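Structural description and commentary
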Amino acid sequence: MEQVNRLGRGIEDVSRLYLSDTPRSDGDKGEKGEAALRRRRVVRIINPGSALMGAFFTANFSLELARHRHRVAIFDGEAHETDGVEAMLRNVVYPESGAEVLSVRLYGIPDISLYRARPDGAERLFELARAAQSYGEGFWLVVNTPHRMDDLVQGPAGFDAVLLSTLETSPLLQCYAYVKLIRQIDPDSRISLAFIDPASDARAMDAFSRFSAFALERLGACVDYLGRIVRDELMDRSIADHRPLVLCCEPSAARESIVAASRAFLQQRGALPPE
Amino acid sequence: MTRILKPISAETLGCLDQIFAQYFREERGMRIVERSLGNDFTGRIDLLATDGARVYLITIGTGEFPRCLFRSFTGYRWFRENRDFLGRIYSPEEIDVTLPACLIILSQDIPPGAPAVCKDVCTVPVLLYRYRLFGAPDDPDISVESLAEPEDKPVIEPSPDVLRKKLGIGPAGLSDAEILDFRAAMGPFE
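All values reported here derive from a predicted model rather than from experimental measurement. (Residues numbered from 1 in each chain as written. Chains lettered and ligands numbered in written order. Predicted model: local features only at pLDDT ≥ 70, side-chain atom pairs only at ≥ 80, totals over all residues. Heavy atoms only, no water.)

With respect to the element layout, S72 of chain B can be found in helix α2 (residues 65-81). When near neighbours in sequence (up to four residues on either side) are disregarded, S72 of chain B contacts T59, L103 and I105 of chain B. (Helix = DSSP H or I, 4+ residues; strand = E, 2+ residues; numbered from the N terminus. Contact = heavy atoms within 4.5 Å.)

Encoded structure:
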């Protein structure tokens, strides 16, 4: 792997991570009760329309969970060299000694391990999913899930899902199909939906209202709304530079939208107090 | 089919231009700039309208279709000959008469194949609308139907089978009805 100078991050990057609004003690104290035990520890990120955007969201979403003092591991089911999660994190990830696991180490947040699908992806995912459940509260295994429904059926059950879609009918139908499939695999899964770059909040809300109403009526499935992920120039640059957007310190609507979606995800699961 | 619910009496058939002006304004997003432009000898345009991309010369036919068609053509010729004059009368904010022209003909008896014939032989686009009168003769309702060429109609959505293969959603087991209902529920977005 190409050696990258990782000491070049500015104080603003570091400060942003240190200035997490989640008290450090929360991660240690954890949650109690039945709800915490029932909570899934595996989160599948599914973007049927774009592998690149799925990997991008996985990388940044994971960093945001870590910023809230959660321990995070990433499994990249896509593992594509140019548009996988590893590519998105290339500037902050390095191989652990003697292992195929990569690691993200940043000041102020727990280390993040990145597992690649190859060569033994399916087995490794089962192992990690089992381990994730045993780790219990405060830990998340974030799985960048390629759009192959058969793999999902054959993979480990017991996961939550974050679906990403544009407002076009085809990817929305794909998301609906995922909702149905996930309900068959695990009726207790929590499913969330975020829209990629819709024209406006109003359009996104309208689409979500219709989508969630249809899913509830036909499948009895409740779908949570994570908001809309905005695209901007900084997002494109962060992808091109292999530098996670949430680590960038310039003003960015895209970064704020990912931060808000991650926060909403944790709040909906009771892992973060509502604002 | 778009139904105009506003009832009219037989005596008010002369007000068709107002009713159709309302239709094109509300249903097609056009701005009606002028009514009854030109004259019966050199050419008449019943409604002059624009949507910012085109100029629409609307002919409202109350007789046989060939007469409506001829009236529309002469109206178009009048428009071409008087385009400079119209450009001086109307500000560009009202209507930009240099925009491409499009003929619209409303008639009750448009023969089959007329849209295809117009497309083949006319140098400007011709949109045909069939209108019908319903109900009592002294108090009819009006419906309007666009007779667009097949390629002008909305793209035919792929069948559920094609969608399942194309989108890779076979394992979810969505039924045909479910896919069609979903499409209907979500409607067009972007």
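Still more ground to cover, so stick around.
Residues and elements named next belong to chain B. With seven bridges connecting them, strand β2 (residues 31-39) and strand β3 (residues 43-50) associate as antiparallel partners. Bridging from a neighbouring strand, E34 pairs with L48 of β3. Two successive antiparallel strands, β2 and β3, enclose a turn made up of three residues. (Pairing = 2+ DSSP bridges.)

Between chain A and chain B, the residue contacts involve 25 residues of the former and 18 residues of the latter. Here chain A meets chain B over a buried area of about 2,100 Å², counting both sides, of which 65% is carbon and sulfur. Linking chain A with chain B are two salt bridges. For the salt bridge of E178 of chain B with K180 of chain A, the shortest nitrogen-to-oxygen distance reads 2.8 Å. Inspection of the chain A/chain B interface yields eight residue pairs in polar contact (both at pLDDT 80 or more). (Buried area = accessible area lost by both parts, 1.4 Å probe. Salt bridge = Lys/Arg side-chain N within 4 Å of Asp/Glu carboxyl O. Polar contact = N/O pair within 3.5 Å; in protein donor to acceptor, adjacent residues only side chain to side chain.)

What follows covers the nonpolar core. All names here are of chain A. Counting residues in hydrophobic clusters, the biggest one holds 50 residues, and the most contacted among them are L141, F195 and F211. Per element, the largest residue contribution to this core is nine residues, and it comes from helix α8 (residues 169-185). Beyond its immediate stretch of four places on either side in the chain, F195 contacts S165, T166, L167, L172, A204, A207, F208, Y225, G227, R228 and I229. If you look at the next biggest cluster of nonpolar residues, it comprises 48 residues, including A59, A66, A194 and L245. (Core = buried A, V, L, I, M, F, W, Y, C linked by side-chain atoms within 4.5 Å. Buried < 20%, exposed > 50% of the residue type's maximum accessible area, 1.4 Å probe, protein only.)

Turning our eyes to something else, we now look at the pairing of strand β6 (residues 139-145) of chain A. Residue and element names in this part refer to chain A. The buried count for β6 comes to seven of seven residues, which makes it a mostly enclosed element. Judged by which residues are buried, β6 turns out to be covered on both faces: F139, L141, V143 and T145 on one side and W140, V142 and N144 on the other are all buried. Judged from the five bridges that link them, strand β1 (residues 42-46) and β6 form a sheet pairing that is parallel. Bridging across to β6, V43 finds its partner in V142. Judged from the six bridges that link them, strand β2 (residues 71-76) and β6 form a sheet pairing that is parallel. In the sheet register, I74 faces β6, and the bridge partner there is V142.

Okay, the packing of α8 of chain A against helix α9 (residues 201-219) of chain A next. Helix-helix packing is characterised by the crossing angle of the two axes and by the distance between the axes. All names here are of chain A. Direction vectors running N to C along α8 and α9 enclose 35°, while the axes themselves pass 11 Å from each other. Like other packed secondary-structure pairs, α8 and α9 cross with a definite hand, here right-handed. Residues L172, C175, Y176, V179, K180 and R183 of α8 form the contact with α9, whose participating residues are F211, F214, A215, R218 and L219. (Axes fitted to C-alpha atoms, helices over the stretch in contact; angles between N-to-C directions. Left-handed = near helix turned anticlockwise from the far one by under 90°.)

Moving on: the pattern of salt bridges. All names here are of chain A. Throughout the structure, instances matching the rule amount to 20 salt bridges over all chains. R269 is paired through a salt bridge with D160; the nearest N and O atoms lie 2.9 Å apart. Residue R269 is located in the segment after α11 (253-268), and its partner D160 is located in strand β7 (residues 160-165); the two are separated by 109 residues in the primary sequence. As far as the burial class goes, R269 and D160 line up, both buried. The closest approach of N and O atoms between E250 and R237, which form a salt bridge, is 3.7 Å. Separated by 13 residues along the polypeptide, E250 in the loop between α10 (233-240) and α11 and R237 in helix α10 bring together distant segments of the chain.

A few words on the packing of helix α4 (residues 51-67) of chain A against α10 of chain A. All names here are of chain A. Packing of α4 against α10 brings their axes to within 12 Å, and their N-to-C directions diverge by 90°. For the element pair α4 / α10, the angle class is roughly perpendicular. Facing L52, M53 and F56 of α4, the residues of α10 in contact are M235, S238 and I239. Classifying every residue of the contact of α4 with α10 gives five nonpolar, one polar and no charged. (Parallel < 35°, antiparallel > 145°, perpendicular 65-115°, else oblique. Nonpolar A, V, L, I, M, F, W, Y, C, P; charged D, E, K, R; others polar.)

A separate point is the sheet that holds strand β9 (residues 223-229) of chain A. All names here are of chain A. Ordered by their spatial adjacency, nine strands build an open sheet running β3-β4-β5-β2-β6-β1-β7-β8-β9, and the pairing between neighbours is mixed. Looking at strand neighbours, the two that pair on one side only are β3 (93-95) and β9, the edges of this open sheet. Direction aside, neighbouring strands of the sheet carry axes that sit 25° apart on average. Along the sheet, α11 contacts β1, β6, β7, β8 (191-196) and β9; its crossing angle with β9, the most-contacted strand, is approximately 165°.

Our next topic: the packing of aromatic side chains. All names here are of chain A. Enumeration according to the criterion identifies 13 aromatic pairs over all chains in this entry. Grouping aromatic residues by their ring pairs yields a cluster made of F57, F61, W140 and F265. Positioned above the aromatic ring of W140 is the side chain of R41, whose terminal nitrogen or guanidinium carbon lies 4.8 Å from the ring centre. Directly above the aromatic system of F159 lies the positively charged group of R44, at a separation of 5.1 Å from the ring centroid. (Phe/Tyr/Trp six-rings, centres within 6.5 Å; stacked < 30°, edge-to-face > 60°. Lys NZ or Arg CZ within 6 Å of the ring centre and 35° of its normal.)

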